Amino acid sequence: MAKPLPVKAIGTLQRADVALGVLVASAVFVTGLLWAKWMPYVSKAVSAGRTHHWSGRNILTVGSVHAGDSPSWHAAATFFHAYWSSIWPALLVALLISASVQALLPRSWLPRALNRCHPISSALAGGAAGMPSMMCTCCAAPVAVTLRRNGVTSPAAVAYWLGNPLLNPAVIVFLSFVAPWQWALTRVVVGVATVLAVAASVALVTRADGSPPPVTAAIESPGAREPAGRRFGRALLGLCVFLLPEYAILVLLVGACRGWLLTLAQPVHHGLLQGLVMVVLAAIVGTLLVIPTAGEIPVLQSLALLGASSGMLGAFLITLPAVSIPGAAMVARSFGWKAIAASTGVVMAAGLLGAIMLSLL
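Nothing here was measured: the structure is a model prediction, and the numbers come from that model. (Residues numbered from 1 in each chain as written. Predicted model: local features only at pLDDT ≥ 70, side-chain atom pairs only at ≥ 80, totals over all residues. Heavy atoms only, no water.)

A look at the UniProt feature "transmembrane region" (unreviewed entry) in the protein chain
So, point 1. Within the UniProt annotation, "transmembrane region" (unreviewed entry) is assigned to residues 18–36, 87–105, 158–178, 184–205, 235–261, 273–291, 303–323 and 335–360.
So, point 2. End C-alpha to end C-alpha, residues 18–36 measures 27 Å, and it is 100% helix and 0% strand.
So, point 3. Here residues 158–178 is 90% helix and 0% strand, with 29 Å between the C-alpha atoms at its ends. (UniProt positions renumbered as here; feature names shortened; annotations may be inferred. Helix = DSSP H or I, 4+ residues; strand = E, 2+ residues; numbered from the N terminus.)

Section: empty space enclosed by the protein
So, point 1. Under the defined criterion, the tally for this structure stands at 2 cavities of 30 Å³ or more.
So, point 2. In this structure, the largest cavity encloses a volume near 50 Å³.
So, point 3. In terms of lining residues, the largest cavity is bounded by M135, C136, P165, V171, R187, I291, P292, T293, A294, E296 and P321.
So, point 4. Residues of the lining of the largest cavity, tallied by class, amount to 8 nonpolar, 1 polar and 2 charged.
So, point 5. In this model, the second largest cavity occupies a volume close to 40 Å³.
So, point 6. Forming the boundary of the second largest cavity are Y83, C136, T137, C138, L289, V290, I291, L320, P321, A322, V323 and S324.
So, point 7. Across the lining of the second largest cavity, the residue classes break down as 10 nonpolar, 2 polar and no charged. (1 Å grid on protein atoms, 1.4 Å probe; cavity = no way out; pocket = protein on both sides within 12 Å on 5 of 7 lines; lining within 4 Å. Points joined across faces, edges and corners; volume = space filled by probe spheres on them. Nonpolar A, V, L, I, M, F, W, Y, C, P; charged D, E, K, R; others polar.)

Re helix α5 (residues 137–149)
So, point 1. Along its 13 residues, α5 runs 18 Å from first to last C-alpha, staying within 8% of the 18 Å computed at 1.5 Å per residue.
So, point 2. At V143, α5 shows its maximal kink, close to 25 degrees.
So, point 3. Along α5, 12 of the 13 residues are buried, which leaves the element largely enclosed by surrounding structure.
So, point 4. Turning to α5, its buried residues are T137, C138, C139, A140, A141, P142, V143, A144, V145, T146, L147 and R148.
So, point 5. Buried residues belonging to α5 abut α2 (73–104), α3 (109–114), α6 (154–166), α9 (228–263) and α13 (325–335).
So, point 6. Two residues or fewer after α5 comes G151, characterised by a positive phi angle close to 95 degrees. (Expected span 1.5 Å × (residues − 1). Bend = angle between axes of the 7 residues up to and from the residue. Buried < 20%, exposed > 50% of the residue type's maximum accessible area, 1.4 Å probe, protein only. Contact = heavy atoms within 4.5 Å.)

Shown next as structure tokens:
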């Protein structure tokens, strides 16, 4: 019968397991984001800085879908293809990062890094953590779900989720190159305020739900659990089964109905009251639509050419990249519907704030 390992040897194996897991997870994070985000965005920024032109197309009108068109399979399929073509590298990397975090890192690390005594402090930590990954809310959703599973509080996790699109430094650089400076300034100021306000509201409505899920202090010894590769595969499969089917269905649904949604956000020129109503509708519609990272830029440019008001542009500038029906559905079970409802309401209100600020500028 084999002799049990001494305590010192077990501690050494634990530290080696943790070190290897951190190394692999860090490699997945850096390599994946270099491929999916950082290098492509550097290239786009250089091109935008040189030409002051944005080459991306308006994804809401792909397939020759116009405002007022009835839902159809053609509208759903063409939107899904265009959207998937834009986001699949980021979604793949997000799933790999999430599985790496679940399988390879000590579960207590992320709560220690992101959880703070005050919701605003947690929001600052979560929002800052989301800026390097620069994803849309749907691609950031798997990581946000993993944060909650690992015991990160709702304010920090929701700030990470919304900080990815709203505080995306690449998009802010793109806006500064291809749009009026007022757009970039509004995005920065209102974007920061939105992330902080959402975190505070989520903390308020979830306070009665109790503390975050319990976390394990550290990765167990290698002999006490399954191999790392199996843990990683199980975590990745769980994320795919848990998140992707409803995500695909809802993206198809949004794509099919976008003709109706576009009708609610058409520019009008019939008076102050009608203009205010359209700004409110834009704030609402923007939270329903799903777009890839920086997809709001061609949408806003198209609306500006059609004569949309600054108020409508300001509302879409904030609400289009934030939330969305598919993104909210992906994180709803982890955050709870009260948190999702609060987040959506605050984002809509932030859209109105964006409309006011851009109109004043």
